[in-house]
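# Fold and contact review
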Amino acid sequence: GECARIIFSAKEATCKAVYPTLGRFLDFPDVRIRLLRAQGLFVAEFKASVRAIAPAAGPLMGRFLVDHELILTGVLLPRSTSTTTQERLSPRAIPC
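Criteria and cut-off values
- Residues numbered from 1 in each chain as written.
- Predicted model: local features only at pLDDT ≥ 70, side-chain atom pairs only at ≥ 80, totals over all residues.
- Heavy atoms only, no water.
- Helix = DSSP H or I, 4+ residues; strand = E, 2+ residues; numbered from the N terminus.
- Expected span 1.5 Å × (residues − 1).
- Buried < 20%, exposed > 50% of the residue type's maximum accessible area, 1.4 Å probe, protein only.
- Contact = heavy atoms within 4.5 Å.
- Pairing = 2+ DSSP bridges.
- Axes fitted to C-alpha atoms, helices over the stretch in contact; angles between N-to-C directions.

## Comments concerning helix 1 (residues 2–22)
- Between its first and last C-alpha, helix 1 extends 30 Å over 21 residues, near the 30 Å set by a 1.5 Å rise per residue.
- Inspection of helix 1 places Ile-6, Ser-9, Ala-10, Lys-11, Ala-13, Thr-14, Cys-15, Ala-17 and Val-18 among the buried residues, and these make up the whole buried set.
- At its buried positions, helix 1 is contacted by strand 1 (31–36), strand 2 (41–46), strand 3 (60–67) and strand 4 (70–76).

## Some details on the sheet that holds strand 4
- The antiparallel open sheet is built from 4 strands, whose spatial order is 1-2-3-4. At either margin of the open sheet sits one strand with a lone partner, and together these are strand 1 and strand 4. Averaged over neighbouring strand pairs, the angle between their axes works out to 25° when direction is ignored.
- Alignment of strand 1 against strand 2, held across 6 bridges, turns out to be antiparallel.

## A closer look at the pairing of strand 2
- Of all 6 residues in strand 2, 5 are buried, a share of seventy percent or more.
- Hairpin connection of strand 1 to strand 2: 4 residues between the antiparallel strands, including Gly-40 at a positive phi of 70°.
- Bridge count between strand 2 and strand 3: 4 bridges; the pairing is antiparallel. Each bridged residue has a counterpart across the sheet, and for Phe-42 the counterpart in strand 3 is Gly-62.

Quick look at the structure:
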C-alpha cells in the first residue's frame, strides 16, 4: 500500500544521500524507516553493520509528501558532526 511505497522512497532517498559520505551503496535492509505520518516526517536509522564502518552514522530526519500517485521524499544531512542527534531529529530544525 501507500505506507510501503513511502518507506521504499524514504530508503532510496537515504541511501542516495549518504553514498557520498560512506563511499559505498547501502542495501535496503541496512536502513530502518520510522514514519511520523501525521507530520509528513520520517526517521532513517542505520543497522549496526553500517555504524561499524561509519560510527557517526546516526539517525537522519527526512520529509515526505504524497500527492495522488506522486511520492516525494528528501533527507536532511547534518551540517557538521558537532550537531547532536537530538538537534538533528528535532522537527524545529527542519528549515522548510
